[in-house]
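These are the residues of each chain, in order.
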2 protein chains.
Amino acid sequence: MNIERTRITGGFWYGRMKNAASRVLWEQLAILKGERPELAHPSPVVENFRIAAGISDGPYQGRVYSDSELGKWIEAASYSLERFEDPALEREIDALVELMIRAQMPDGYLNTYFQVLRPQDRLKHYAFSCELYNMGHLMEASVAYYHATGKRPFLEAMCRAADLLCQRIGPLPHQQHVYDGHAEIELGLLRLYEATGCRRYLDLARYFVDERGKQPCFFLTEALLGDNDEGANDKWFGPDHHQAHMPVRLQRKADGHAVKVTYLYSAVAELAALCEDADGTLLNACRSVWEDMARHRMYLTGAIGSQGYAERFTVDDDLPPDRSYAETCASVGLCFWARRMLTLDRDAGFADVMERALYNGMLAGWSLEGNRYFYVNVLHCKPSVTGYREDNRHIALERQPWFECACCPSNLLRVVCRLDTYLYGAKDDTLYVDGYAQGSVCFRHDAQLWTLSVKTDYPYDGLVRMTLSGGVSGRLRIALRKPDWCDSYALSVNNVPFAATLEKGYLILERLWSAGDVVQLQMDMPAQYIQADPRVWDVEGRVALTRGPLVYCLEGRDHGGSLSGLRYCRDALFQPVPGDGVLAGEVLLTGPGARRPAADRLYSSHAGETQACSLRAIPYFAWNNRGADEMDVWLPLQ
Amino acid sequence: MNIERTRITGGFWYGRMKNAASRVLWEQLAILKGERPELAHPSPVVENFRIAAGISDGPYQGRVYSDSELGKWIEAASYSLERFEDPALEREIDALVELMIRAQMPDGYLNTYFQVLRPQDRLKHYAFSCELYNMGHLMEASVAYYHATGKRPFLEAMCRAADLLCQRIGPLPHQQHVYDGHAEIELGLLRLYEATGCRRYLDLARYFVDERGKQPCFFLTEALLGDNDEGANDKWFGPDHHQAHMPVRLQRKADGHAVKVTYLYSAVAELAALCEDADGTLLNACRSVWEDMARHRMYLTGAIGSQGYAERFTVDDDLPPDRSYAETCASVGLCFWARRMLTLDRDAGFADVMERALYNGMLAGWSLEGNRYFYVNVLHCKPSVTGYREDNRHIALERQPWFECACCPSNLLRVVCRLDTYLYGAKDDTLYVDGYAQGSVCFRHDAQLWTLSVKTDYPYDGLVRMTLSGGVSGRLRIALRKPDWCDSYALSVNNVPFAATLEKGYLILERLWSAGDVVQLQMDMPAQYIQADPRVWDVEGRVALTRGPLVYCLEGRDHGGSLSGLRYCRDALFQPVPGDGVLAGEVLLTGPGARRPAADRLYSSHAGETQACSLRAIPYFAWNNRGADEMDVWLPLQ
């Protein structure tokens, strides 16, 4: 079975995809081009390419990884182009791509930082230079743009860049035995391999994975780059920051920089799926690291990275809600990784995590209007404290229009602009429905082209109605993911209850299907309290409110200005209610709670009586769209 | 009424005072002299004085404030000498004092850092130099030593130092209009004034207080000292770090470096008590800052300073138990301040806080054996997390034998070695008993010399039996502090119930007293749960266990190795039981609790059933005497 095309045509994600296409991509482009300073401080990213191309003459500006920001934007814009025709946008990308090709060196090398600032240092520094990381993003962009437009020059340019790397890096004695501190080039090479079938790209990707973590780690001895290696000698920036503390195939825990982990293991999972894993050690590493992450090191929101300093994983069960890092990019990367784990091993658990990350950890990084971003996503905010403490200095009290290190804004669009591809999978004779959104999937099976059309108000409603069309008749399996939050459901085919078997979290509907068949899945979607494993000290004694895949939170402004002393009450029933104002279109939850009133002493042996009150919870992703405020995901339960 | 002498002769504190006299002072001295490296890395402190005196030739080592460490040690040793005769110790101090006098410059200046390293920079840098701070500590030491031994040379030397400052600094046009970033010189000058009656010392102390915080703050423009000014330009090290953001008389909140606040306001309270406060603005500032601190910025243990970075107060109701700074010195300073507030305003609330700080925040800094110290005192420890996170880097998992910045070890001895002076006060015709310990107070009233002898096992038992002797008969008031933790008590005089009036937290016993009169106060001392104001998000939903003035905590080793999932249960009765092993002599508490068992998933909507279990709580000050371990003061209540 082959999926030919997926689309979202309405509902929760559709508006966001349209907004990205019509506004957000354009505004990001303007910022990247250094135009429209009223939107945000102009970015030097495009200008750096102009300098490298000899068109402009200024000094290099920005960080070492700036090139990647343009790469990610082109990739996202290409996905959007595939879905929403836009000749003007296509012309913009054409111009950028032309600029990049012009900036490329004759030998295929392309990296504006090194070309402009340190041409003598090309391909010498790997721990923190992001040199290959940047090229990886441009490779991914080139393939996305090729798929969207059929235009080959950018793809070919990036193949030349890849060819240069294939020449210089590899297992042969005259080659460098290196890899990039920040995994990404592996994914770029795998995209090139997919687009061109050129085996050496796959080989180099596998080489990078195999080389990573060989001891002694060459990062410890390579020449320092200068200002980009700050902290390279402290324990939080050691080899494990780059997943280079032991060979990848031996790794079992999610250690180091959270985004790096997700990018690396996305590549590892792809390699494992491409059968480059004779002894199963890649698969084993992927699964173990995933399991460690999902079992001990992930926020309820699908956010990862508990520490701001070094943007990294820490130790098991350390998940403070108030000073999380929980970078938007890390949840984006987690979606990439989860999607590949699903391909590798059809267990709905991967999609459960992916869905949490999509709707919560990632989406919280994006304002409802679409023009503001969180880099860091906390699960507790009290502006007086959050905005003051030095150990919270990585936390912004409100979403920002852009960042000096602007990795997140274009990265989340890489997911949103092709969100439909996160919903479906195919393997053998099974169509997997991993997520629910209004739209359709076209797939070919036994020479018939089928369309499964989906109607739903998911994630705010658990009713999903799917209609088959296109084909005539055929035996195939449709596997509907039963989300981990779903405790009861009703399933029917053509209005007749269907007793599906449950396989690794999927309801399997195997039968002879005909055009016009209708599948209806009604998932009960009550509000639920969630508690964490008691080893997570940070939220012990507290619960969070969820409904479906959405984590909910409270904001101070809905509770008299403060959340102090609020409690969730056992057995309280929360009802969905429509949001209003800027929250129009979202579903809120209201229900009874309690509040312990402020005391007249700081410490008291006399427990004050709590008072009944009404709570109004909003989706976590929607917080902070009405100004800076107190916010809490976890409340004490009484 | 005049207190002539106070002594502790048995019980809780006596053993600690004896241990200080016979062992701890000697070991500290050996470290300060750079001897006995088996105890701790040798300190350069005494050697610096030898270099300044021209006896030794090495380079200056240590921090700018090293001199103060020796000053505090001499002060503590002098207090101990007054109580436990020790000619050998006296000879040691004589030698140190001689060395200091030899190091002093002809004009009275004494500061080894500037003398050895930067003679040209004398009296030019005030924000972070600790130049006057060091001299203040030497002044306090000189007075303590004079009181203990009657020997004047050191006192006279420090008067010469004070005279130099009186010449150079002050309100006259040719004088410098400055003050030290770290308050302390004020206290040193006040001690000199007390010992000599020399008014100019009082005047300079008041000048420093009046000058502090005049705007624009000269710290912002004074030349930087170099490596000692790191961070001088960030918001946590701004003028408020030194309480210099506004004139002292206008200050209303506890802002900045926690120890600095306590030293400054100790001096302010003294000045107010010395009637140097015609319009009451000093008193007003003292009371307001105290109230803000005690109401919003103090840990249950009487520890202060919520942030490691800049060792400072943060904002109201920010009291994280896991990453507190809660420096031992800050609790010591709080005791200094509280004692002076009591003198100024006989409200037992000051003694309540002082007692919390003495028994908990300060004492936790000292191992039971007496030879290990915590600089930072957390209220939660989970070694895997506490020892890993970058934002916990200020936290040690076990008490240390010494510190590079060794302010705390000698500082806590300044309190312990004359702990008896924290127990009693006198004003007009009233003897105040602020705390309870086996021992006695001799006081003169109406020409009669009385002794009140106290028998008690406080703080582990609430029974206090006091006997008057010495005098014949007289009308006077004995005011017994009813601690804030005490809800019920029985009071008798000569076995007859006595109906005392309660005034500002004191039980007032006013009658005609005769020798042989016996007062008995029986305070019920049940274990109690304490909850914090709900605005303290960090411990919302949690309670702490206390008994009498002691805060209790749990250690992992008493609970199967881990505290995860443990809960206090409502209405559970805790019973005192004797400690054993290293905890012999301390009273523990046992009672029923509950544990939520580890889950098989990180997040779950199905609340696991808690299981009944037995809890064994130990005094907070006694934690970490059996090795690094999990520790919690605050547990969820169920």
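Computed from a predicted model, the values in this text were never measured in an experiment.

**Considering the overall build of chain A**
Looking only at helices and strands, one finds 15 helices and 23 strands in chain A. Here the C-alpha radius of gyration of chain A, 25 Å, is about what a compact globule of 638 residues would show, namely 26 Å. Reported as C-alpha extents along the three principal axes, the dimensions of chain A are approximately 75 × 70 × 50 Å. Evaluated residue by residue, chain A yields a buried proportion of 66% over its 638 residues.

**Examining the relation of the copies chain B and chain A**
Least-squares fitting of chain B to chain A yields an RMSD of 0.0 Å, with the superposition described by an axial translation of 0.0 Å and a rotation of 180°. Such a combination of turn and shift is consistent with a two-fold rotation axis. Across chain B, the rotation axis passes nearest the C-alpha of D391(B), at a separation of 3.0 Å. Take the interface residues of chain B: 100% of them recur as interface residues in chain A, which is what a same-surface contact looks like.

**A word on the sheet that holds strand 5 (residues 439–445) of chain B**
Residues and elements named next belong to chain B. Overall, antiparallel pairing links the 7 strands, which are arranged 1-5-6-7-13-9-10 in an open sheet. Looking along the sheet, the strands with just one partner apiece sit at the ends: strand 1 (2–8) and strand 10 (496–497). Looking at chain direction, strand 6 (residues 448–456) and strand 7 (residues 463–469) are connected through 6 bridges and run antiparallel. From the neighbouring strand, T456 faces strand 7, where its bridge partner is V464.

**Comments concerning unusual backbone geometry**
Going from Q215(A) to P216(A), the amide bond is cis rather than trans, its omega being -5°. With respect to the helices and strands, P216(A) occurs in the loop between helix 9 (199–211) and helix 10 (258–273). Cis rather than trans, the peptide bond between Y458(B) and P459(B) has omega equal to 10°. Within the secondary structure layout, P459(B) lies in the loop between strand 6 and strand 7. Even without being a glycine, N624(A) presents a positive backbone phi close to 65°. Along the chain, N624(A) turns up in the loop between strand 21 (611–619) and strand 22 (631–632). The phi dihedral of N495(B) is positive, around 70°, even though this residue is not glycine. Within the secondary structure, N495(B) is located in the loop between strand 9 (489–493) and strand 10. Judged by relative accessible area, which is 66%, N495(B) ranks as exposed.

**A closer look at the interface of chain B and chain A**
Interfaces are frequently sized by the accessible area removed from exposure as the parts join. Counting residues at the interface gives 69 residues for chain B, matched by 69 residues for chain A. Interface area for chain B against chain A, summed over the two sides, is near 6000 Å², with a carbon-plus-sulfur share of 49%. Counting across the interface, chain B meets chain A through 12 salt bridges. The tally of links between chain B and chain A comes to 48 residue pairs in polar contact (both at pLDDT 80 or more). By residue number, the principal contributor to the side of chain B that touches chain A is strand 14 (residues 527–532) of chain B, which donates 5 residues. With 2 bridges connecting them, strand 14 (residues 527–532) of chain A and strand 20 (residues 603–604) of chain B associate as antiparallel partners. Pairing of Q531(A) across the sheet is with S604(B), part of strand 20 of chain B.

**Remarks on the side chain of R477(B)**
Residue and element names in this part refer to chain B. Relative to the assigned elements, R477 resides in strand 8 (residues 473–481). R477 sits in the buried class, given a relative accessible area of 14%. Within the structure, the side chain of R477 is placed 2.9 Å from the side chain of T430, a separation counted as a polar contact. Not counting the four nearest positions on each side in its chain, R477 is found in contact with D429, T430, L431, E503, I508, L509 and E510.

**A short note on the side chain of Q448(A)**
Residue and element names in this part refer to chain A. Checked against the element boundaries, Q448 lands in strand 6 (residues 448–456). The exposure class assigned to Q448 is buried, which follows from its relative accessible area of 18%. A polar side-chain atom of Q448 sits 2.6 Å from the main-chain amide nitrogen of V472. Among the polar contacts listed, one links the side chain of Q448 to the backbone oxygen of S473, at a separation of 2.6 Å. Residues contacting Q448, with those up to four places away along its chain left out, are F443, G471, V472, S473 and G474.

**Some thoughts on the environment of G387(A)**
All names here are of chain A. Relative to the elements of secondary structure, G387 occurs in the loop between helix 14 (383–386) and helix 15 (407–416). We classify G387 as partly exposed; its relative accessible area is 33%. The spacing of G387 and L397 is 10 residues in sequence and 6.5 Å in space, taken between C-alpha atoms.

**Remarks on the pattern of salt bridges**
Residues and elements named next belong to chain A. Scanning the entire structure with this criterion turns up 113 salt bridges over all chains. Between D279 and R249 there is a salt bridge, and its shortest N-O distance comes to 3.7 Å. With D279 in the loop between helix 10 and helix 11 (281–296) and R249 in the loop between helix 9 and helix 10, this residue pair connects regions lying 30 residues apart in the sequence. Overall, D279 belongs to the exposed group, its relative accessible area being 55%. Accessibility expressed as a relative area gives 21% for R249, which makes it partly exposed. D391 serves as the salt-bridge partner of R389, at 2.8 Å between the closest nitrogen and oxygen. Taken together, the shared-partner salt bridges connect K253, D255, D292, R297 and D316 into one network.

Definitions and cut-offs
- Residues numbered from 1 in each chain as written.
- Chains lettered and ligands numbered in written order.
- Predicted model: local features only at pLDDT ≥ 70, side-chain atom pairs only at ≥ 80, totals over all residues.
- Heavy atoms only, no water.
- Helix = DSSP H or I, 4+ residues; strand = E, 2+ residues; numbered from the N terminus.
- Rg over C-alpha atoms; globule rule 2.2 N^0.38 Å.
- Buried < 20%, exposed > 50% of the residue type's maximum accessible area, 1.4 Å probe, protein only.
- Least-squares fit on C-alpha atoms with pLDDT ≥ 70 in both.
- Contact = heavy atoms within 4.5 Å.
- Pairing = 2+ DSSP bridges.
- Buried area = accessible area lost by both parts, 1.4 Å probe.
- Salt bridge = Lys/Arg side-chain N within 4 Å of Asp/Glu carboxyl O.
- Polar contact = N/O pair within 3.5 Å; in protein donor to acceptor, adjacent residues only side chain to side chain.

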